[in-house]
Structure formats: C-alpha cells, structure tokens
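Below, each chain spelled out in residue letters.
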Number of protein chains: 2
Amino acid sequence: MSQTARYHHGDLHATLLREAAVLLREQGIEGLSLRRLAERAGVSRTAPYHHFEDKNALLCALAEQGFRKLETLMEEEDLETEPVGGLRRFVHAYLRFASEDPEQYELMFGRTLWKTGRPTESLTRVAHGCFRRYIDLMYRPPLATRLPPGMDPLRLAQASWATLHGLSRLLLDGIYLNQDDMEAVSDQAVDLMIAGLRLGEDAT
Amino acid sequence: MSQTARYHHGDLHATLLREAAVLLREQGIEGLSLRRLAERAGVSRTAPYHHFEDKNALLCALAEQGFRKLETLMEEEDLETEPVGGLRRFVHAYLRFASEDPEQYELMFGRTLWKTGRPTESLTRVAHGCFRRYIDLMYRPPLATRLPPGMDPLRLAQASWATLHGLSRLLLDGIYLNQDDMEAVSDQAVDLMIAGLRLGEDAT
DNA sequence: CCGGGTATCTTGACAGTGTCAAGACAGTAT
DNA sequence: ATACTGTCTTGACACTGTCAAGATACCCGG
C-alpha cells in the first residue's frame with residue numbers, strides 16, 4: 001500500500017466533495033462532469049456512484065455546503081445594535097459571497113437543482129432554514145418594531161431578498177452590471193430598503 | 001414536389017426558429033437539442049448548420065425574438081399621465097411576461113448565452129436597447145423630476161431592474177416563491193420603489 | 001484462523017449530445 | 001449545357017450520465 005495505487009481509495013466521499021468544489025469553482029457547472037471528477041480523484045468513472053446516488057445528489061450535497069457557509073455569514077452580522085449600518089454591511093457581505101464563488105452561487109440558486117433537477121430533502125431543509133433566518137430578521141427587533149404600519153414583514157423579506165438575488169444574478173451572468181458598478185448599485189438598493197423601512201428616522 | 005418529401009426544405013431558417021420556440025416552451029432549454037429540432041423540422045441532423053453557425057447562434061436568435069417582445073411590452077405602458085399606477089402595471093406586465101414563457105425568459109437572461117455561450121453582436125445590441133429604454137424612464141419626466149436630490153437615476157434603474165429580475169428568477173426557478181405569493185410580493189416591491197422615489201406625494 | 005458477506009471499485013456497454021468532413025442533390029447564372 | 005453555389009445528407013468523433021456484471025479488499029461471526 002502506502003504510495004502505490006490502492007484498490008480502495010480510503011475516503012472517496014470527502015475527496016469527491018472537495019475536488020468537486022474545486023472543479024466547480026474553476027470550470028463552472030458545465031465543466032463539472034462526473035468522469036473528469038473521477039479522474040481527478042484517481043478513480044474510475046463509475047466509482048462515485050457508490051457514494052452518491054446521482055450526479056444530481058452530488059450537486060445537492062455541494063449546494064448544501066454553500067448554504068451552510070451562507071448561514072454562518074448571516075449569523076455574523078449584528079443588526080441589534082446598529083440596524084442601518086448592519087443592513088448595509090450584510091448586503092455587501094451577501095454580494096461578496098456571491099461574487100467570490102459565482103459558480104457555487106449559481107448552483108445554490110440556479111435551475112440546475114431546483115427546476116431541472118430534484119433537490120434532495122436534506123438540501124431543501126437547509127435552504128429553507130436559510131430563508132427562514134432571513135425572514136426572522138424582519139419579524140424581530142430592531143426591524144420589526146420600525147416597520148410602517150400595515151407592512152407585511154414576510155412580503156418585505158421576500159421582496160428585499162429578491163433584490164439581493166437579482167443583483168447577484170445580473171452581476172454573475174455578466175448581463176449589464178460589472179464589478180465596478182456593484183458598489184454604487186448595491187448602496188442604492190440599500191437606500192431603497194431603508195426608505196421602505198423608514199429606518200433612517202431614528203438611527204444611523 | 002407538393003406532398004412528397006422535397007430535397008430542399010424551402011424555408012428552413014424560419015421553420016427552425018418557430019419550432020425551436022415551441023420546443024423551448026414545452027421542453028425547456030435542456031430539452032432543446034439540435035437533433036430533436038431537426039427531426040421536428042423533418043430534416044437531417046446537420047441541416048440546421050447551413051442556417052445557423054452554431055447551437056449558440058440559434059439560441060441567440062431565439063433570445064433576440066424575446067427581447068423584441070419585451071421591448072414592445074415596455075412601449076405599451078404609459079407612465080406620463082399616471083406614474084404610480086403605470087409603474088405598478090408595468091411591474092405586473094413584466095412578471096407576467098416572465099411567467100408566461102419561463103424558458104424564454106431563462107434563455108434571455110440566463111447564463112447559457114451570457115456566461116457560458118458567446119452572445120451574438122446582434123443580440124447584445126437588442127438587449128442593451130431594452131435596458132436603455134428602461135433606464136430612460138428614470139431620466140425623463142415624470143420620474144426624473146421627482147427623484148430625491150442626489151439620487152442617481154442610473155443606479156436607481158439598475159437596482160429596480162434587479163428587483164424585478166430577482167423576483168422573476170426566484171419565481172421561475174421555484175425556489176421559495178410560488179405564483180400565489182407573487183401578486184402580494186410584487187406589490188410590496190412596487191411599494192419599495194415608490195417609497196424610494198418618494199413618488200406617492202403628489203400623484204396616484 | 002478462516003470463510004462468507006458486504007462495501008467498494010472496475011471494465012464494458014448504451015443512448016444521447018454538438019460538431020466536423022465529405023459527398024449528393026437542386027437551382028441559378030454564364 | 002456547364003460550372004457554380006447553396007442546401008441537405010450520411011458517417012464519424014469525442015464527450016456526457018448511467019446501468020449491468022464482474023473483480024477486489026475489508027470485516028465480522030464461526
């Protein structure tokens with residue numbers, strides 16, 4: 001054994017996930033084929049099928065990792081003491097998350113899994129947990145207590161997430177936004193939210 | 001000739017575009033293969049290559065059709081006499097456009113063309129014309145004259161389009177929005193814009 | 001210690017994809 | 001009529017995900 005090629009890989013499951021993440025980042029979703037992945041892991045074409053049911057299942061696991069990262073990112077930001085500044089920093093952090101690994105973001109939110117593919121039960125749970133955490137921001141102080149009367153926190157959460165998501169997509173797909181504009185546009189987006197929240201009236 | 005299979009199709013170019021649109025709508029981008037399309041047009045696998053350089057070129061032509069439709073849709077809405085109501089109707093019209101032919105919208109704005117593929121010069125021109133028309137809305141009355149001082153119309157246009165786009169994507173990819181929520185969420189989005197524009201102050 | 005049983009990994013094969021190369025046919029202009 | 005050009009065809013290649021069968025290594029009860 002030792003250096004020589006072993007029949008059993010040892011820790012293929014983890015290796016596959018790790019190498020898949022690299023391949024995804026460097027080559028994009030289109031470049032992430034099971035065969036290339038297997039070759040990279042030093043294993044035959046069909047070996048991955050003993051650790052993941054499907055290509056779909058592997059991609060779901062990969063996306064799940066992404067959502068966990070996003071979740072920790074959301075926990076770091078403290079909106080309690082500084083609502084407006086915290087919101088602004090969160091928006092920037094979200095966009096940075098999307099633009100630092102665009103292909104991962106695409107996988108997490110794209111149609112590959114949610115529309116064309118079949119999202120794992122596990123992925124669905126983690127993703128929904130992420131949304132819920134965001135929505136909760138609107139239901140708890142300091143935001144909840146400052147919403148204009150009659151404004152539904154759920155709807156506001158959905159609309160503002162949509163803005164974040166739309167900015168990310170336009171940027172990542174390279175449609176009519178580039179990285180240089182991003183700073184200014186995202187600040188504008190925050191201003192829209194703040195105005196909608198009428199949040200600037202008693203805090204900075 | 002007449003009923004019997006002719007060697008020359010006659011109008012393959014137009015037929016391909018027409019059938020491709022049908023196939024796209026019914027089967028989605030993933031289901032739109034050149035071979036199936038050729039079969040549907042009653043022609044051999046490689047015949048399309050005499051009318052379109054590439055699969056990419058064909059998809060670009062298809063997306064271009066979509067942008068033309070979107071452009072006429074934008075011209076129909078009259079913001080001059082009724083800014084707020086017109087804006088609300090425009091938002092609904094945009095989302096209806098996206099949800100009536102989701103696969104077309106995906107093709108128009110998705111990564112298939114803009115990131116993975118190479119957008120045709122012609123497609124780029126039409127798409128940018130569409131953006132420009134939208135941006136112009138912010139630079140001309142009645143909107144331009146009512147923007148809060150210091151607000152950049154370009155940034156506002158980009159941010160608000162991002163919101164529209166994000167709503168569409170979340171809805172179409174079936175992530176955490178469904179058609180039933182859409183009405184309420186889009187109204188919320190309009191409210192955000194209006195608040196940002198401080199538009200409700202002198203008109204309804 | 002040893003014999004099964006099981007998890008893991010392999011090769012072979014199949015249907016599907018986009019695309020290139022070479023040849024067959026039809027219409028058009030000289 | 002002859003040459004030319006645009007159109008369409010068949011054949012082939014490399015690539016994909018996935019299934020079926022067989023080979024190998026490990027583990028656990030006897």
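Keep in mind that what you see is a predicted model, and the values were worked out from it rather than measured.

Remarks on the overall build of chain A
When its secondary structure is counted, chain A shows nine helices and zero strands. Order of helices (α) and strands (β) in chain A, N terminus to C terminus: α-α-α-α-α-α-α-α-α. Of all 204 residues assigned to chain A, the portion counted as buried reaches 35%. At a minimum sequence separation of 6, the contacts of chain A that also span at least 24 residues come to 66%.

Some words on the relation of the copies chain B and chain A
Screw-axis analysis of chain B against chain A gives a translation of 0.0 Å along the axis, an RMSD of 0.0 Å, and a rotation angle of 180 degrees. The operation mapping one copy onto its partner corresponds to a two-fold rotation axis. Most of the interface of chain B is mirrored in chain A, where 100% of its interface residues are also at the interface.

Quick word on the protein's contact with DNA strand C
Near DNA strand C you find 21 residues, and of these His 9, Ser 44 and Ala 47 of chain A together with Ser 33 and Lys 55 of chain B are the closest. Counting only elements with at least two residues in the surface near DNA strand C, the list comes to α2 (34-40) and α3 (55-76) of chain B. Examining the composition of the surface near DNA strand C, we find that three residues originate from one element, α2 of chain B, more than from any other. Looking at side-chain class alone, the surface near DNA strand C contains six nonpolar, nine polar and six charged residues.

Quick word on helix α1 (residues 12-31) of chain A
All names here are of chain A. For α1, built from 20 residues, the straight-helix expectation of 28 Å at 1.5 Å per residue is missed by more than 12%, its first-to-last C-alpha distance being only 20 Å. Taken as a whole, α1 carries its principal kink of about 85 degrees at Arg 25. Where the residues of α1 are buried, they touch α2 (34-40), α3 (55-76) and α5 (102-109).

Some points on the interface of chain B and chain A
At the interface, 36 residues of chain B touch 36 residues of chain A. Elements represented by at least two residues in the side of chain B that touches chain A include exactly α5 (102-109), α6 (111-116), α8 (153-172) and α9 (179-197) of chain B.

What to know about the domain arrangement of chain A
Residues and elements named next belong to chain A. We note that the domain assignment places domain 1 (1-51) and domain 2 (54-197) within chain A. Domain 1 and domain 2 are separated by 30 Å when their C-alpha centres are compared. With ten residues of domain 1 at the interface, the matching set in domain 2 holds ten residues. Split into classes, the residues belonging to the side of domain 1 that touches domain 2 amount to eight nonpolar, one polar and one charged.

Brief notes about helix α7 (residues 121-139) of chain A
Residues and elements named next belong to chain A. Across its 19 residues, α7 extends 26 Å between first and last C-alpha, which sits within 8% of the 27 Å expected from 1.5 Å per residue. All of the buried residues in α7 are Leu 123, Ala 127, Cys 130, Tyr 134 and Leu 137. Buried residues along α7 cover an arc of 65 degrees about the axis, so they all sit on one side. Away from the buried face of α7 by more than 90 degrees, exposed residues Glu 121, Ser 122 and Arg 132 are located. The elements touched by buried residues of α7 are α3 and α8 (153-172).

What about the packing of helix α9 (residues 179-197) of chain A against α8 of chain B?
One way to put it is that α9 of chain A packs onto α8 of chain B with a least axis distance of 9 Å and a crossing angle of 70 degrees. Judged by the angle between their axes, α9 of chain A and α8 of chain B are roughly perpendicular. On α8 of chain B, the residues that touch Asp 181, Ala 184, Val 185, Gln 188, Ala 189 and Leu 192 of chain A of α9 of chain A are Arg 155, Leu 156, Gln 158, Ala 159 and Ala 162 of chain B. Grouping the constituent residues of the contact of α9 of chain A with α8 of chain B by class yields seven nonpolar, two polar and two charged.

So, the environment of Leu 95 of chain A
Residues and elements named next belong to chain A. Structurally, the position occupied by Leu 95 is in helix α4 (residues 83-100). With 22 C-beta atoms packed within 10 Å, Leu 95 lands in the buried category. With sequence-adjacent residues up to four places away left out, Leu 95 is seen in contact with Leu 167, Ser 168, Met 182 and Ser 186.

Considerations on the nonpolar core
Ranked by size, the top nonpolar core spans 100 residues in total, and within it Ala 189 of chain A together with Ala 189 of chain B carry the most contacts. For Ala 189 of chain B, the contacting residues outside a window of four places in its chain are Ala 159 and Ala 162 of chain A together with Val 91, Thr 163 and Leu 167 of chain B.

Side note on the environment of Arg 68 of chain B
Mapped onto the elements of the fold, Arg 68 of chain B is located in helix α3. Along the chain, Arg 68 of chain B and Val 126 of chain B lie 58 residues apart, while their C-alpha atoms are 7.4 Å from each other.

Looking at the packing of α5 of chain A against α8 of chain A
Residue and element names in this part refer to chain A. Direction vectors running N to C along α5 and α8 enclose 130 degrees, while the axes themselves pass 11 Å from each other. Taken as axis vectors, α5 and α8 run oblique relative to one another. Between α5 and α8 lies a crossing of left-handed hand. On α8, the residues touching Pro 102, Tyr 105, Glu 106 and Phe 109 of α5 are His 165, Ser 168 and Leu 172. For the contact of α5 with α8, the class distribution of residues is four nonpolar, two polar and one charged.

What to know about the environment of Gly 86 of chain A
Residues and elements named next belong to chain A. The residue Gly 86 is located in helix α4 in this model. The exposure class of Gly 86 is partly exposed, given the 17 C-beta atoms found within 10 Å. In this structure, the C-alpha to C-alpha distance between Gly 86 and Leu 156, residues 70 residues apart in sequence, is 17 Å. Excluding residues that lie within four positions of it along the chain, Gly 86 makes contacts with Glu 77, Asp 78 and Leu 79.

Scoring rules and cut-offs
Residues numbered from 1 in each chain as written. Chains lettered and ligands numbered in written order. Predicted model: local features only at pLDDT ≥ 70, side-chain atom pairs only at ≥ 80, totals over all residues. Helix = DSSP H or I, 4+ residues; strand = E, 2+ residues; numbered from the N terminus. Buried ≥ 20, exposed ≤ 12 C-beta atoms within 10 Å, placed from the backbone. Contact = placed C-beta atoms within 7 Å. Least-squares fit on C-alpha atoms with pLDDT ≥ 70 in both. Near = placed C-beta within 6 Å. Nonpolar A, V, L, I, M, F, W, Y, C, P; charged D, E, K, R; others polar. Expected span 1.5 Å × (residues − 1). Bend = angle between axes of the 7 residues up to and from the residue. Domains from an automatic or database assignment. Arc of directions from axis to C-beta. Axes fitted to C-alpha atoms, helices over the stretch in contact; angles between N-to-C directions. Parallel < 35°, antiparallel > 145°, perpendicular 65-115°, else oblique. Core = buried A, V, L, I, M, F, W, Y, C linked by C-beta atoms within 7 Å. Left-handed = near helix turned anticlockwise from the far one by under 90°.

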